[in-house]
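# Inside the fold
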Amino acid sequence: MPSSFKPGYVTPLLKKADLDAADVKSYRPITNLSVVSKQLERLVAQQLTTYLTDTVTRYRRVRLLPDLQSAYHAHHSTETAVLKVVGDILLALDSGNLALLSLFDLLAAFDTVDHDTLLRRLQTSYGLDGVVIKWFASYLSGRTQHVRTPTTTSLPLPVAYGVPQGSVLGPILLLLYYRSPTC
C-alpha cells in the first residue's frame, strides 16, 4: 500500500446543532482518506468478500462468511437483519416460547484492533497468506492521522492500533477481527 494513501485527517463535526460546542463530547470525529486510496480499497474489498463468501473451510465445511451475515453480503442489509430477528422472535412467541434479545455496542471498536492479532487471525482463521498478508500488513502499518478544523491543523501522529475509520476495508476487517469463522 503506497505510503501516500495512508494519511487520514480527522474533522470534528458537531453531533447536533443544540449541543455545547465547547464540550469535546459534542463532536463526532470523521476521518477522511484519499479518494485514490478508497478506490484501491474497493477493489481489494470486492476480492476479499468474494473469497469469504465463496470459500468453505476444508475440514469443517463451514463458510467463512455465513449466509445470514448482513454486512458486505450481496442482497443483505440492516433491514434484512432486522426482519430476520423480528421474524425469529415472532415465531418463538407464536410457538409459546420465550424470546430474549441481547444487544451490545462496541465502544471505540475501530480504534481497538491490534494489527498483529488481526493479521494472525486472517492467516489462521481465514486462510489468507503470502502476498495477501503482506499487503494487509502494509495497509495497516505506517498510518498517520491529524485533526483538521477550519482554523487549524494538528501535527500528524502515528496510528499504532485500529483499522482506518472512513475506509472501505475498515468495517470488513473489524468484522473478521471479532468474528470466528466457525460461528
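Refer to the structure presented above.
So, a few notes on the structure that sits alongside this text. Here the structure is a predicted model, which is why all the values come from computation and not from measurement. (Residues numbered from 1 in each chain as written. Predicted model: local features only at pLDDT ≥ 70, side-chain atom pairs only at ≥ 80, totals over all residues. Heavy atoms only, no water.)

### Focus: the overall build of the chain
Across its full length, the chain carries 5 helices and 4 strands. Across the chain, helices and strands are ordered from the amino to the carboxyl terminus as β-β-α-α-α-α-β-β-α. The dimensions of the chain, computed from C-alpha atoms along their principal axes, are 60 × 50 × 25 Å. Across the 183 residues in the chain, those meeting the buried criterion constitute 27%. In the chain, the proportion of contacts linking residues at least 24 apart, taken out of those at least 6 apart, comes to 60%. For the chain, the exposed surface amounts to about 12200 Å²; the carbon and sulfur share of it is 60%. Counting 18 positive and 14 negative side-chain charges, the chain places the centres of these two groups 7 Å from one another. (Helix = DSSP H or I, 4+ residues; strand = E, 2+ residues; numbered from the N terminus. Buried < 20%, exposed > 50% of the residue type's maximum accessible area, 1.4 Å probe, protein only. Contact = heavy atoms within 4.5 Å. Areas by Shrake-Rupley, 256 points an atom, 1.4 Å probe, with all protein chains shown as cover. Lys, Arg positive; Asp, Glu negative; His and termini not counted. Charge placed at Lys NZ, Arg CZ, Asp CG, Glu CD.)

### Some points on the pairing of strand S3 (residues 144-147)
Of the strand pairs in this sheet, strand S1 (residues 8-14) and S3 are connected by 3 bridges, and their pairing is parallel. The partner of Val10 across the bridge, within S3, is Val147. In this sheet, strand S4 (residues 157-158) lies alongside S3 in antiparallel orientation, the contact comprising 2 bridges. Within S4, the position partnered with Gln145 by the bridge is Leu157. (Pairing = 2+ DSSP bridges.)

### As for the pattern of salt bridges
Considering all chains together, one arrives at 1 salt bridge under this definition. Across the pair Lys84 and Asp88 runs a salt bridge whose closest N-O atoms are separated by 2.9 Å. One end of the pair is Lys84 and the other is Asp88, both in helix H2 (residues 78-94) and 4 residues apart, which spans about a single turn. (Salt bridge = Lys/Arg side-chain N within 4 Å of Asp/Glu carboxyl O.)

### A short note on the environment of Val36
Position of Val36 relative to the elements: it lies in helix H1 (residues 35-54). Using a relative accessible area of 49% as the deciding quantity, one classes Val36 as partly exposed. In this structure the C-alpha to C-alpha distance between Val36 and Phe5, which are 31 residues apart in sequence, comes to 7.3 Å.

### Section: the packing of aromatic side chains
Scanning the entire structure with this criterion turns up 3 aromatic pairs. Ring plane angle 15° and centroid distance 5.3 Å describe the contact between Trp135 and Tyr139, whose orientation is recorded as stacked. Note that Trp135 and Tyr139 are positioned in helix H4 (residues 130-140) at a spacing of 4 residues, about one turn of the helix. For Tyr139, a relative accessible area of 0% corresponds to the buried category. Here Tyr177 and Tyr178 contribute two aromatic rings whose centre-to-centre distance is 5.1 Å and whose plane-to-plane angle is 85°, an arrangement assigned as edge-to-face. According to the relative accessible area criterion, Tyr177 is buried, its value standing at 12%. Look at Tyr178 and you get partly exposed, because its relative accessible area is 41%. Ring-pair connections join several aromatic residues into one group, and the members of that group are Trp135, Phe136 and Tyr139. Between the NZ or CZ atom of Arg121 and the centre of the ring of Tyr177, over which it lies, the distance is 5.4 Å. (Phe/Tyr/Trp six-rings, centres within 6.5 Å; stacked < 30°, edge-to-face > 60°. Lys NZ or Arg CZ within 6 Å of the ring centre and 35° of its normal.)

Keep in mind these values describe shape, not function.
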